[in-house]
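# Architecture at a glance
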Amino acid sequence: MLDDRMKKYRFFLFDLDRTLWDFDTNAHDSVVMLLEQYQLGNRIDDFEQFYRLYTEHNFRLWEQYEKGILSQSVLRCLRFEVTFQDFGINDPQLAAQFGAAYLELLPLRTALMPHTKEVLEHLLAKGCRMGIISNGFKQVQYTKLERSGIRDYFERVFISEEVGVHKPHPDIFRAAVTAFNAKKSDTVMVGDDFAKDIEGAQVFGIDQFFYNPLHIPCNGGPTYESDTLLDLIKLA
Ligand SMILES: [Mg+2]
């Protein structure tokens, strides 16, 4: 895959969810825990099915949020409201409570993607400077970083809610490179989402490391592609 003679970088910009923080494990465990806590076993016979349907609704509604069609507060409730409806439960109030409880519980979960701490530790020891560029809610993303024990690796954190634009908008990458006073040619963006992380960084004009553990096909090759974060060590 990548060999040891690759170009070296000084500035590493990381996506958070599904790149460092294991969003899918943490989200699944949070939803199942809450279904148990709300004692919904008698109304929902298959918690795994509930979670699958929830992820489909959430994906679709999140796209609408990113386009500005839905507000943050509507998204938070509606994604559970429509999933409850799939199980014959029409209860907007329950959905609102559940949605709020989910957002409190989720960022407290601490599962990380394989080799996250090992790689961050190595980059830090090599003198690399690191930042986060994440689409999401400010408080939620900061809590994830703190609780999972990786906040201190990052000098700067750029959350779309704070910056005012979402990835793939070039301005969020520009904000990071400017804040670090970095050269574009010394900077690499690391992310799992081809359209948001990789194409966004391409348009802005920095190199990209496509972390692709599921081997999702992509067009318009990234600078680097790997199914393991360990390959980042070769770029430091
Ligand atoms: Mg991601």
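Residues numbered from 1 in each chain as written. Predicted model: local features only at pLDDT ≥ 70, side-chain atom pairs only at ≥ 80, totals over all residues. Heavy atoms only, no water.

## Things to note about the overall build of the protein
- Looking only at helices and strands, one finds nine helices and six strands in the protein.
- Computed over the C-alpha atoms, the radius of gyration of the protein is 19 Å, within 12% of the 18 Å expected from 2.2 N^0.38 for a compact globule of 236 residues.
- By its C-alpha atoms, the protein is 60 × 35 × 30 Å across when sized along the principal axes.
- Counting only residues that meet the buried cut, the protein has 49% of its 236 residues in that class.
- Expressed as a percentage of contacts within the protein between residues at least 6 apart in sequence, the contacts between residues at least 24 apart total 66%.
- As displayed, the protein offers around 11,200 Å² of accessible surface, 49% of which is attributable to carbon and sulfur atoms. (Helix = DSSP H or I, 4+ residues; strand = E, 2+ residues; numbered from the N terminus. Rg over C-alpha atoms; globule rule 2.2 N^0.38 Å. Buried < 20%, exposed > 50% of the residue type's maximum accessible area, 1.4 Å probe, protein only. Contact = heavy atoms within 4.5 Å. Areas by Shrake-Rupley, 256 points an atom, 1.4 Å probe, with all protein chains shown as cover.)

## Examining the domain arrangement of the protein
- Under the domain assignment used here, the protein contains domain 1 (11-22 + 112-235) and domain 2 (24-108).
- With both chains or domains summed, domain 1 and domain 2 bury close to 1,300 Å², and 56% of this area falls on carbon and sulfur atoms.
- Area buried by domain 1 at its contact with domain 2 is led by Asp22, Phe137 and His166, which between them contribute 44% of it.
- Viewed at the interface, domain 2 and domain 1 are joined by two salt bridges.
- With a closest N to O distance of 3.4 Å, Lys196 and Glu66 form a salt bridge.
- Summed over the shared surface of domain 1 and domain 2, the result is seven residue pairs in polar contact (both at pLDDT 80 or more).
- When residues of the side of domain 1 that touches domain 2 are assigned to their parent elements, the largest contribution, four residues, is made by helix α6 (residues 138-147).
- Split by residue class, the side of domain 1 that touches domain 2 holds three nonpolar, four polar and six charged. (Domains from an automatic or database assignment. Buried area = accessible area lost by both parts, 1.4 Å probe. Salt bridge = Lys/Arg side-chain N within 4 Å of Asp/Glu carboxyl O. Polar contact = N/O pair within 3.5 Å; in protein donor to acceptor, adjacent residues only side chain to side chain. Nonpolar A, V, L, I, M, F, W, Y, C, P; charged D, E, K, R; others polar.)

## Side note on unusual backbone geometry
- The omega angle of the peptide bond from Lys167 to Pro168 is 15 degrees, so this bond is cis rather than trans.
- With respect to the element layout, Pro168 can be found in the loop between α7 (160-163) and α8 (170-180).
- For Arg18, which is not glycine, the phi torsion reads 70 degrees and is therefore positive.
- By the secondary structure assignment, Arg18 is in the loop between β1 (11-14) and α1 (23-37).
- Of note in this structure, His215 is not a glycine but carries a positive phi near 55 degrees.

## Re the nonpolar core
- By size, the foremost hydrophobic cluster in this structure holds 62 residues, and its most contacted members are Phe12, Phe14, Phe84, Tyr102 and Phe154.
- Sort the elements by how many residues they give to this core and helix α2 (residues 47-66) lands first, with eight residues.
- The residues that make up this core include at least three from each of domain 1 (11-22 + 112-235) and domain 2 (24-108).
- Contact partners of Tyr102, with chain neighbours within four places excluded, come to Phe23, Ala27, Ser30, Val31, Leu34, Tyr54, Arg79, Phe80 and Pro107.
- Counting residues in each nonpolar core, the second largest holds 15 residues, with Val165, Ala176, Ala182 and Met189 among its members. (Core = buried A, V, L, I, M, F, W, Y, C linked by side-chain atoms within 4.5 Å.)

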